[in-house]
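Secondary and tertiary structure notes
Listed below, chain by chain, are the residues.
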Amino acid sequence: DGERICDFLQHGLLQGSFVPPKPIQQLRDLTRSRTTLKQEQVRIGNRIRKVLEDANIKLSSVMSDVMGVSGRAMLRAIVRGESDAETLAQLARKRLRGKIPLLQQAAAGSLNDHHRFLLEQWLAHWDELTERIAKFDQRIEEQMRPFAAAVQTWNSLPGIDRITAWTMVAEMGADMNQFPTAAHAASWAGLCPGQEESAGKRKSGRTRRGNVWLRRALTQAAWGASMTKGSYFKAFYRRLA
């Protein structure tokens, strides 16, 4: 009703939930910009995989991450003109060295100058984005120093790494007193099931849009927690699934 809405608005304004303080606003700009750059880097990685598929090189069927250390070493060798599958496979590192025979088969494609040109350009773009992301990381690290305790607390939870913790602080602030309960925080993030009923019949349970930046980070954290060994969240997810 109207009285409850007024109370909510007054509480929100008093707690500063509508206009975050300047340091939090700046952190939001930084973390959101970093996320945008990371998304662009993912798109570049997909383009690189497409070029490899066009050249009939099936590295993605053997490697979980073509843009990892071993994958990038192979890609740079390809750009330099290397086409021998055995030589490329020997560039694998750590656990991938146990898959060298499979890598040899996957690297035996039909590369040409067109593929190498495309790979060279996309790799250069990837490296440029990596440098920009590193600069954002450094800046965010500096700006997060006053909120180190909050970052450490978030980081202690399963599924939440340092980057995700940054997003939590930037989007929700460091003072959780602005949310009366955890349920209020989850609702504000748009992660509560919706409830649409008519004549006693439930029509929809879709969640609302919420804060898309926070929602994305929390969803990734939830997937990470569901795969963390010895975690209650993993057991809870398995039971639900």
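Presented here is an overview of the structure given in this document. Predicted, not measured: the structure shown is a model, and the values here were computed from it.

**Describing the packing of aromatic side chains**
Two aromatic rings are characterised by how far apart their centres lie and by the angle between their planes. A full pass over the atoms with the stated rule returns 4 aromatic pairs. Their ring planes at 65 degrees and their centres at 5.8 Å tell us that Y232 and F233 sit as a pair that is edge-to-face. Take Y232: its relative accessible area is 54%, and that puts it in the exposed class. Members of the aromatic cluster, joined through ring pairs, are Y232, F233 and F236. Looking at R216, its charged tip hangs above the ring of W213, at a distance of 5.5 Å from the centre.

**With respect to helix 2 (residues 22-54)**
Taking 1.5 Å of rise per residue, the 33 residues of helix 2 would be expected to cover 48 Å, and the 48 Å separating its terminal C-alpha atoms lies within 8% of that figure. Immediately downstream of helix 2, the backbone of N56 shows phi near 65 degrees, a positive value.

**Quick notes on the pattern of salt bridges**
This structure, assessed with the given rule, holds 9 salt bridges. One salt bridge connects D137 with R34, and the closest N-O pair in it is separated by 2.4 Å. In this pair, D137 sits in helix 6 (residues 113-143) while R34 sits in helix 2, placing the two residues 103 residues apart along the sequence. Overall, the relative accessible area of 18% leaves D137 in the buried class. Between R43 and E40 there is a salt bridge, and its shortest N-O distance comes to 2.9 Å.

**Focus on the packing of helix 10 (residues 212-226) against helix 11 (residues 232-240)**
At a minimum axis distance of 7 Å, the contact between helix 10 and helix 11 shows a crossing angle of 90 degrees. The orientation of helix 10 relative to helix 11 falls into the category roughly perpendicular. Residue-level contacts link W223, A225 and S226 of helix 10 to F233, K234 and Y237 of helix 11. Its residues placed into classes, the contact of helix 10 with helix 11 shows 4 nonpolar, 1 polar and 1 charged.

**Observations regarding a positive patch on the surface**
Judged by side-chain charge, R93, K94, R95 and K99 come together as a positively charged surface patch. One can find R93 in the loop between helix 4 (85-89) and helix 5 (100-107).

Rules behind the numbers
Residues numbered from 1 in each chain as written. Predicted model: local features only at pLDDT ≥ 70, side-chain atom pairs only at ≥ 80, totals over all residues. Heavy atoms only, no water. Phe/Tyr/Trp six-rings, centres within 6.5 Å; stacked < 30°, edge-to-face > 60°. Buried < 20%, exposed > 50% of the residue type's maximum accessible area, 1.4 Å probe, protein only. Lys NZ or Arg CZ within 6 Å of the ring centre and 35° of its normal. Helix = DSSP H or I, 4+ residues; strand = E, 2+ residues; numbered from the N terminus. Expected span 1.5 Å × (residues − 1). Salt bridge = Lys/Arg side-chain N within 4 Å of Asp/Glu carboxyl O. Axes fitted to C-alpha atoms, helices over the stretch in contact; angles between N-to-C directions. Parallel < 35°, antiparallel > 145°, perpendicular 65-115°, else oblique. Contact = heavy atoms within 4.5 Å. Nonpolar A, V, L, I, M, F, W, Y, C, P; charged D, E, K, R; others polar. Patch = residues over 30% accessible without salt bridge, like charges linked within 9 Å, V, L, I, M, F, W, Y side chains within 5 Å. Areas by Shrake-Rupley, 256 points an atom, 1.4 Å probe, with all protein chains shown as cover. Lys, Arg positive; Asp, Glu negative; His and termini not counted. Charge placed at Lys NZ, Arg CZ, Asp CG, Glu CD.

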